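Descriptive structure summary
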Amino acid sequence: MHDHLFMSLALDEARLAWLAGEIPVGAVAVSQGRVIARGRNRKEEKGLALSHAELEALSAASRWVGDWRLSEVTLYVTLEPCIMCAGALLQSRIGRLVYGCPDPKGGALDSLYRLADDPRLNHSFPVRSGVFGRESATLLQVFFRSLRKVKR
């Protein structure tokens, strides 16, 4: 299935983020069955709180499409988006979102909020969760476990 293929590419981006010392979250934007943009967390590298994987991928996808409207784009991300990223998905009119694991402390699509299908907003989009969810969660758990060991 295509969702698994593209999510595996998002996991590759998450691993690259880890190698760069970032929280391992990766994203891939897809249009008409082909990857048009990639993103990974770059907060430490850029010194910018806005440098989440989703925003990096959305920015690159908008440049590729030549428009801020991304209604024909599916974004694959390894972790459930936060409020900021969910807002950007709504503002970009994303066509669809697929994510790996939930974020019980900050997830804005299923865990804490349901922004993708809030009837008060002027856009909604379908969400699929759990694609390579275990792999995405394990990557984050091992990363944070290794950080805690270093701090001891």
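Relevant structure appears above.
Residues numbered from 1 in each chain as written. Predicted model: local features only at pLDDT ≥ 70, side-chain atom pairs only at ≥ 80, totals over all residues. Heavy atoms only, no water.

Within a regular beta strand, the side chains point alternately toward one face of the sheet and then the other, so they alternate between its two faces. The buried count for strand S1 (residues 26–31) comes to six of six residues, which makes it a mostly enclosed element. Burial along S1 is two-sided: the residues Gly26, Val28 and Val30 and Ala27, Ala29 and Ser31 are all buried. Inspection of the sheet shows S1 paired to strand S2 (residues 34–40) by six bridges, in the antiparallel sense. Its bridge partner lying in S2, Gly26 is registered against Arg40. In sequence, S1 turns back onto S2 through a hairpin of two residues, with Gln32 there showing a positive phi of about 50°. Here S1 pairs with strand S3 (residues 73–79) via five bridges, running antiparallel. Among the inter-strand pairings, Val28 is bridged to a residue of S3, identified as Tyr76. (Buried < 20%, exposed > 50% of the residue type's maximum accessible area, 1.4 Å probe, protein only. Helix = DSSP H or I, 4+ residues; strand = E, 2+ residues; numbered from the N terminus. Pairing = 2+ DSSP bridges.)

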